[in-house]
Amino acid sequence: MTTLETYDAIGRSYSTRRQPDPRLAARIDALIGCDNTVLNVGAGTGSYEPVRSGVVAVEPSTVMLSQRGSSAAPAVRAVAEALPFQDHAFDVVLAILTVHHWNDQRRGLKECARVAQDRVVILTWDPCAEGFWLVRDYFPEILAIDRRIFPSMELLAAVLGPIDVQSLPIPGDCVDGFLGAYWLRPEAYLNEEVRAGISTFSRLASIEPQLERLERDLTSGNWERRNAELRHRPDLDMGYRLVMAERRCAELPNERCS
Ligand SMILES: C[S@@+](CC[C@H](N)C(=O)[O-])C[C@H]1O[C@@H](n2cnc3c(N)ncnc32)[C@H](O)[C@@H]1O
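We now turn to the structure provided with this report.

Once that is clear, we can look at the overall build of the chain. Of the regular secondary structure elements, the chain holds 13 helices and nine strands. Taken across its 258 residues, the chain has 36% of its residues classed as buried. Intrachain contacts of the chain at a sequence separation of at least 6 include 70% that bridge at least 24 residues.

If you want it as structure tokens, here you go:
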């Protein structure tokens, strides 16, 4: 299944399950800045997209485009690998949890760098990270898939130039619905609607035996015993990373950027 087919198939309830979390949004907003022009690539339904003028979205899936609200930025149906904009057309290019879906990540990243005047801001997951209990104890195949499909920090730096990488711990009551969002609400993963908002589940051949084991561990208290220390944490670093690449530094002589 191509990524486009994935989102045309699984994206139908995306806007109900994938709402932006305000704490994560604040971290992203701080990197975007204000009063500048923004291109949101792989924008989906518009989560974490600034709601103001000067913002344009790029999204290939018609199902995702159809769920964008009336106040969302104007959207163009296109892919990251061929952005239909001139060089330096936007101050900031944003890519939130999307690079791992691109067919040609290197080409898409080059396109982001080409179109950005000031900086590229990416939210992604570091494939060197350990993940968390769900992938460690129940779905190691998700960890294997994600390690294969998420871009390495080395690839990002190789294409974008020097990058600033910040960890993004996820709050235990995260409002969004990506894979790691329910780390403190284990029973949520038993819910089919929750899983429908998480694309990696659609890549697995079988999930029932793993889910049955999770359900048994929750009922018996095994999960609680094994993960007791999580109950004391407000948030968890599972490997989500905010990556920022300054374009001015990449293009101007060194002395201007020191
Ligand atoms: C997990 S969703 C993230 C959507 C949104 N950025 C958010 O944070 O809610 C990934 C998005 O990437 C889009 N996508 C897939 N392949 C793409 C490509 N080659 N170029 C741009 N976007 C792509 C999908 O259609 C989907 O909307």
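That covers the picture; the talk isn't over yet.
This part is about the environment of Tyr189. Here Tyr189 shows up in the loop between strand 7 (170–171) and helix 9 (192–196). Once you skip the residues sitting within four places of it in the chain, Tyr189 turns out to touch Leu134, Tyr182, Val194, Arg195 and Leu214.

Taking 1.5 Å as the rise per residue, helix 10 (residues 208–220) with 13 residues should run 18 Å; its terminal C-alpha atoms sit 18 Å apart, in good agreement. Where helix 10 terminates, the next one or two residues include Gly221, which has phi positive at roughly 90 degrees.

A word on the environment of Ala116. Locating Ala116 in the fold gives a position in strand 5 (residues 116–125). Taking the C-alpha atoms as reference points, Ala116 and Val92, separated by 24 residues in sequence, lie 5.5 Å from one another. If we skip the residues at most four places from it in the chain, Ala116 touches Phe90, Val92, Val93 and Arg247.

Take the sheet that holds strand 9 (residues 240–246) next. Pairing in this open sheet of seven strands is mixed, and the strands run 3-2-1-4-5-9-6 from one edge to the other. Two strands lie at the open edges of the sheet, namely strand 3 (75–76) and strand 6 (163–167), each paired on one side alone. Bridge count for strand 1 (residues 38–41) against strand 4 (residues 90–96) is four bridges, and the pairing is parallel. Within strand 4, the residue paired with Val41 across the bridge is Ala95.

Remark: helix 5 (residues 105–115) packs on helix 8 (residues 153–160), axes separated minimally by 9 Å, with the N-to-C direction vectors making an angle of 45 degrees. Taken together, the axis directions place helix 5 and helix 8 in an arrangement best described as oblique. Seen along the crossing, helix 5 lies across helix 8 with a hand that is right-handed. In contact with Gln105, Arg106, Leu109, Lys110 and Ala113 of helix 5, helix 8 contributes Leu155, Leu156, Val159 and Leu160.

Here is the key point about a regular strand: its side chains alternate between the two faces of the sheet. Where burial is concerned, most of strand 5 is hidden: eight out of the 10 residues are buried. Here six bridges tie strand 4 to strand 5, and the two strands are oriented parallel to one another. Paired with Leu94 across the two strands is Val121, which belongs to strand 5. By the bridge criterion, seven bridges tie strand 5 to strand 9 in an arrangement that is antiparallel. Paired with Leu123 across the two strands is Leu242, which belongs to strand 9.

A few words now on the pairing of strand 4. The buried count for strand 4 comes to six of seven residues, which makes it a mostly enclosed element. The handedness of the strand 4 to strand 5 crossover, carried by helix 5, is right-handed.

For the rest of this paragraph, the subject is the environment of Asp235. Mapping Asp235 onto the fold places it in strand 8 (residues 235–236). The spatial distance from the C-alpha of Asp235 to the C-alpha of Leu168 is 9.4 Å, given a sequence separation of 67 residues.

Within helix 3 (residues 22–32) the residues assigned to the buried category are Leu24, Ile28 and Ile32. Taken around the axis of helix 3, the buried residues stretch over an arc of 80 degrees, which confines them to a single face. In helix 3, the exposed positions angled more than 90 degrees off the buried face are occupied by Pro22, Ala26 and Ala30. Where helix 3 is buried, its residues meet strand 1, strand 4, strand 5 and strand 9. Looking at the residues trailing helix 3, positive phi occurs at Gly33, about 85 degrees.

We note that Tyr48 has phi near 65 degrees; this positive angle belongs to a residue other than glycine. With respect to the helices and strands, the residue Tyr48 is situated in the loop between strand 1 and strand 2 (55–58). Positive phi outside glycine occurs at His88, with the angle close to 55 degrees.

So, how was this worked out
Residues numbered from 1 in each chain as written. Predicted model: local features only at pLDDT ≥ 70, side-chain atom pairs only at ≥ 80, totals over all residues. Helix = DSSP H or I, 4+ residues; strand = E, 2+ residues; numbered from the N terminus. Buried ≥ 20, exposed ≤ 12 C-beta atoms within 10 Å, placed from the backbone. Contact = placed C-beta atoms within 7 Å. Expected span 1.5 Å × (residues − 1). Pairing = 2+ DSSP bridges. Axes fitted to C-alpha atoms, helices over the stretch in contact; angles between N-to-C directions. Parallel < 35°, antiparallel > 145°, perpendicular 65-115°, else oblique. Left-handed = near helix turned anticlockwise from the far one by under 90°. Right-handed = clockwise from strand over helix to strand, strands pointing away. Arc of directions from axis to C-beta.

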